[in-house]
Amino acid sequence: MNIKIQNIEDLPRAAKEFVETMGDRRHFAFHAPMGGGKTTFISALCEELGSVDEASSPTFSIVNEYAVAPDAVASAGSDRIYHFDFYRVETAEELLDMGLDDYWDSGAVCLIEWPGNALDFLPDDIVDVNIEVLPDNSRMLTFS
């Protein structure tokens, strides 16, 4: 599946289209270069899923938790969304200490930036989402 994002104003449409394809899948790993738009797209995605909190980069906290509005819980699958950024993770112990399995088993949508730093700890049902920066500075999301 491909979703093209022409510009920042196009994010709500792209996030809506992405949510329509999620089905019951809950674990998504976002791959893109630095500045490729991972956090920006995830922010729009959280809004589309009904987050009452503004999504921001969890680079230093490693995980941010966002509450989902009561009327959006059915479509989000949970009253929480978890947003991870493994960019600064340096050791396996950091990941083990987080209790990642509790997050993966929570039923909540889990959105992961820089998943390559935690490959051995990701759930088996992860959906890889690639964000490519195109020459015209638009973005192409590709996932299966």
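Structure's up top.
Before going into details, it helps to say that this report is about the structure given with it. (Residues numbered from 1 in each chain as written. Predicted model: local features only at pLDDT ≥ 70, side-chain atom pairs only at ≥ 80, totals over all residues. Heavy atoms only, no water.)

The next thing to look at is the overall build of the chain. Along the backbone of the chain there are five helices and seven strands. The helix and strand sequence of the chain, counted from the amino end, reads β-α-β-α-β-α-β-α-α-β-β-β. Its C-alpha atoms give the chain a radius of gyration of 14 Å, within 12% of the compact-globule value 15 Å for 144 residues. Along the longest, intermediate and shortest principal axes, the C-alpha atoms of the chain span 40 × 35 × 25 Å. Within the chain, buried positions represent 47% of all 144 residues. The contacts in the chain between residues at least 6 apart in sequence include a share of 59% that link residues at least 24 apart. Total accessible area computed for the chain in this model is approximately 7,400 Å², and 48% of it derives from carbon and sulfur atoms. Across the chain, 9 positive and 27 negative side-chain charges occur, with their mean positions spaced 8 Å apart. (Helix = DSSP H or I, 4+ residues; strand = E, 2+ residues; numbered from the N terminus. Rg over C-alpha atoms; globule rule 2.2 N^0.38 Å. Buried < 20%, exposed > 50% of the residue type's maximum accessible area, 1.4 Å probe, protein only. Contact = heavy atoms within 4.5 Å. Areas by Shrake-Rupley, 256 points an atom, 1.4 Å probe, with all protein chains shown as cover. Lys, Arg positive; Asp, Glu negative; His and termini not counted. Charge placed at Lys NZ, Arg CZ, Asp CG, Glu CD.)

Scanning all chains against the criterion turns up four salt bridges. For R80, the salt bridge goes to E65, with nearest N and O atoms at 2.8 Å. Of the two residues, R80 is situated in strand β4 (residues 80-85) and E65 in strand β3 (residues 63-67); the sequence distance between them amounts to 15 residues. On the accessibility criterion, E65 (45% relative accessible area) is partly exposed. Here the salt bridges share partners, and the residues they tie into one network are D10, R13 and E17. (Salt bridge = Lys/Arg side-chain N within 4 Å of Asp/Glu carboxyl O.)

Bringing the sheet that holds strand β2 (residues 27-31) into the picture now. Within the open sheet, the seven strands sit side by side as β1-β7-β6-β2-β5-β4-β3. Their pairing is mixed. The open sheet has two free edges, formed respectively by β1 (2-5) and β3, since each of these has just one partner strand. Each strand of the sheet is rotated relative to its neighbour by a mean of 20 degrees, with strand direction disregarded. Of the pairings in the sheet, the one linking β4 to strand β5 (residues 109-113) comprises five bridges and is parallel in character. Across the sheet, residue F84 finds its bridge partner in β5, namely I112. Contacting β1, β2, β5, β6 (127-133) and β7 (139-143), helix α1 (residues 11-22) crosses the sheet at an angle of about 165 degrees to β1. Strand contacts of helix α2 (residues 38-49): β1, β2, β3, β4, β5, β6 and β7, with the helix running at about 170 degrees to β5, the strand carrying the most contacts. (Pairing = 2+ DSSP bridges. Axes fitted to C-alpha atoms, helices over the stretch in contact; angles between N-to-C directions.)

What follows deals with the layout of surface pockets. A water-sized probe rolled over the atoms picks out the places where empty space is left. Reported here for the largest pocket is a volume of approximately 180 Å³. Every residue lining the largest pocket is listed: I5, Q6, N7, I8, L11, G36, G37, T40, F41, I131, N137 and R139. Partitioned by chemical class, the residues of the lining of the largest pocket number five nonpolar, six polar and one charged. (1 Å grid on protein atoms, 1.4 Å probe; cavity = no way out; pocket = protein on both sides within 12 Å on 5 of 7 lines; lining within 4 Å. Points joined across faces, edges and corners; volume = space filled by probe spheres on them. Nonpolar A, V, L, I, M, F, W, Y, C, P; charged D, E, K, R; others polar.)

What follows covers the nonpolar core. Counting 30 residues, the largest nonpolar core has F18, F28, F30, F41 and L111 as its most contacted members. Within the residue set of this core, elements represented by two or more residues are β1, α1, β2, α2, β5, β6 and β7. A per-element tally of this core places α2 first, with six residues. Once residues lying within four places of it in the same chain are set aside, the contact partners of F18 are I3, F28, F30, F41, L45, V129, L141 and F143. Membership of the second largest hydrophobic core comes to 16 residues, among which are Y82, F84, V89 and A118. (Core = buried A, V, L, I, M, F, W, Y, C linked by side-chain atoms within 4.5 Å.)

Judged by how many residues are buried, β7 sits mostly within the fold: four of five residues are covered. Examined bridge by bridge, β1 and β7 share four bridges and lie antiparallel to one another. Bridging from a neighbouring strand, K4 pairs with M140 of β7. With five bridges joining them, β6 and β7 adopt antiparallel strand pairing.

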